[in-house]
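# Fold and geometry: a report
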Amino acid sequence: MADATLEAAWGAVRALGRRDGAAAIRPLFAADPDRAARCTRRGGDILLDYSRTAIGEPVFAALIALARAAGVEAFRDAMARGEAVNNTEGRAALHMALRGARGTPFRAGAEDAAASVHGTLDAMRDFCASVHEGRVLGATRERFTDVLNVGIGGSDLGPAMAARALWTPHAPMRAHYLANVDAHAWEEVRARLDPARTLVLVASKTFTTQETMANAHLVRSWLADALGEARLGAHLAALSTNLTATAAFGIAPERVFGFRDWVGGRFSLWSSIGLSLALALGWDAFERLLAGARAMDEHFMRAPLDANLPVLLALIEVWHRNGLGYPSRAVLPYDERLARLPAHLQQLEMESLGKGVGRDGRPVAQDTGPVVFGEPGTNAQHSFMQLVHQGTTPVPVDFLFVANPDHGHADSHRKLLANGLAQAEALLRGRTAEEVEAEMRAAGTDGAAIARLLPHRVFPGDRPSNVLLIPRLDAHRLGQVVALYEHKVAALGALWGINPFDQWGVELGKQLAGGILPALEAGAPMPGMHPATAALVAEIERLRHTGG
């Protein structure tokens, strides 16, 4: 019966998507002057306005029915209880425990997850205080001014995004991030660092991640050359659980901050992976970040489905992906400080939701995660927005606006917001041939030019977007925004019947790279190597010898 109910709910959504005019948005405003107010919801400090989507009352009702049939609330509650919702790896997904208030019970099986979290947080807080107060110094007895986080994926994208968003000139330290194994990245970062004043965090749960460890050894050699092998330990700390490997690297056990296997990398910003943030921004700011995420956790757990921001974002995604067949989504934060938010959401959503097999091991019955991309406004307007406005396939957009800036240039901020609001309105309204012709005639354009240019200047309109508005960008509000998207991912996992907490798709490339590396080291293809790869290995070796 449950499967039949779920299939019927999916059938209702698909049927609504096949109706004539299903993608039209403008008629919904014409029929309801109060649509903007009716389609606005609040959670914490975030306002969500989804009025610029083709979701009228019948579609909204069908989506809510789908959420109930798919067991979104049951999945949410199981996740909060620490059940093994990551069923392919037999693990909990307890990122909510990472920001839970002290005394809030979280368990992962027999483990007291809350106790583990707060033990680590206490150690992190003490370490930060020692660094900021000058009780922990570098090898030359100088204070640390810079922290370098060496990690990749979830050990880089979230912290790097948040550090850029929240850093101010008054922050205790400067944060730097090294992820790409391309040594050009290291050369660029190194030019900005003084080894005597740099604290290095190596972020790898297993301490075996290939790219991270390659970079870690480059940084270690740099420190050793500048300070001496015997003294470089003063500049090292690790975010890891492999105490044997960290000790062999020269890191004292009291400088190793762990996190558990019920924390997925892309959900780990709130764990010891956030140590670079706590050092760079200050412990109080890090605690406000956690508190903001906790506020969104409480909203997600308590708000009814029809007023639950993460669930609503997930249902809007379902409507666009499965009802209307849109394969991508753009994220446009109109705040330069959030320039790296789209990259963080790319990993969070595409690694979580890029699945073709359901939790039951069978092929999924519907399309899953869309392609996520983005840039800060107004840069995006001069980049890919041409396609979003006039391309052949609509691209839904998430606009993120900040009402109050943290600078004194009010005119610049008004221009920024005006541009963002105009983009959202232009996507909705479009421009008809009649409007274009009238405008061109009013400008004195001759009839032949109008006939030639008119088709190129028509905008189809009815292009969907969400607007997320926050009062100000600070640690508490950023925590809410990031947690909002984390919970959206969990809700979509339930709706699509997939496991959003594993990432088997990243494993094959890692395995193959291990076999290709010896061929590059030897300068010749290896027996059994795929012929396409073998041909490129040979060409790379030829170019290496000729100097290219």
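Structure: above.
Residues numbered from 1 in each chain as written. Predicted model: local features only at pLDDT ≥ 70, side-chain atom pairs only at ≥ 80, totals over all residues. Heavy atoms only, no water.

Looking now at the environment of H320. Following the sequence through the fold, H320 ends up in helix 14 (residues 309-323). Assessed through its relative accessible area of 3%, H320 is described here as buried. The sequence separation of H320 and I55 amounts to 265 residues, and the corresponding C-alpha distance is 9.7 Å. (Helix = DSSP H or I, 4+ residues; strand = E, 2+ residues; numbered from the N terminus. Buried < 20%, exposed > 50% of the residue type's maximum accessible area, 1.4 Å probe, protein only.)

The buried fraction of strand 7 (residues 198-203) amounts to six of the six residues, a majority that puts the element mostly inside the structure. For the crossover that starts at strand 7, traverses helix 10 (residues 210-227) and ends in the parallel strand 8 (residues 236-239), the hand is right-handed. (Right-handed = clockwise from strand over helix to strand, strands pointing away.)

When you line up the elements, S465 lands in strand 13 (residues 465-472). Since its relative accessible area comes to 0%, S465 is described here as buried. If we ignore the near neighbours within four places in the chain, the residues touching S465 are D49, R52, T53, V397, F399 and A424. (Contact = heavy atoms within 4.5 Å.)

Before going further, it helps to examine empty space enclosed by the protein. The final tally for this structure, using the stated rule, is three cavities of 30 Å³ or more. Of the volumes computed, that of the largest cavity is approximately 50 Å³. Along the walls of the largest cavity sit L313, I316, E317, H320, R329, P396, V397, D398, N466 and K488, which together make up its complete lining. Among the elements that make up the lining of the largest cavity, the one with the highest residue count is helix 14 (four residues). In this structure, the second largest cavity spans a volume of roughly 40 Å³. Around the second largest cavity sit Y50, I55, F60, L63, L312, L315 and I316, which together line it. Put simply, the parts of the chain that give the lining of the second largest cavity at least two residues each are helix 4 (57-69) and helix 14. Top contributing element to the lining of the second largest cavity by residue count: helix 14, with three residues. (1 Å grid on protein atoms, 1.4 Å probe; cavity = no way out; pocket = protein on both sides within 12 Å on 5 of 7 lines; lining within 4 Å. Points joined across faces, edges and corners; volume = space filled by probe spheres on them.)

Glancing now at the sheet that holds strand 6 (residues 174-178). Taken together, five strands build an open sheet; the order of strands is 6-5-7-8-9 and the sheet is parallel. Edge positions in the open sheet fall to strand 6 and strand 9 (256-257), since each of these has one partner strand only. Bridge count between strand 8 and strand 9: two bridges; the pairing is parallel. Residue A238 lies in a different strand from strand 9, and its bridge partner there is V256. (Pairing = 2+ DSSP bridges.)

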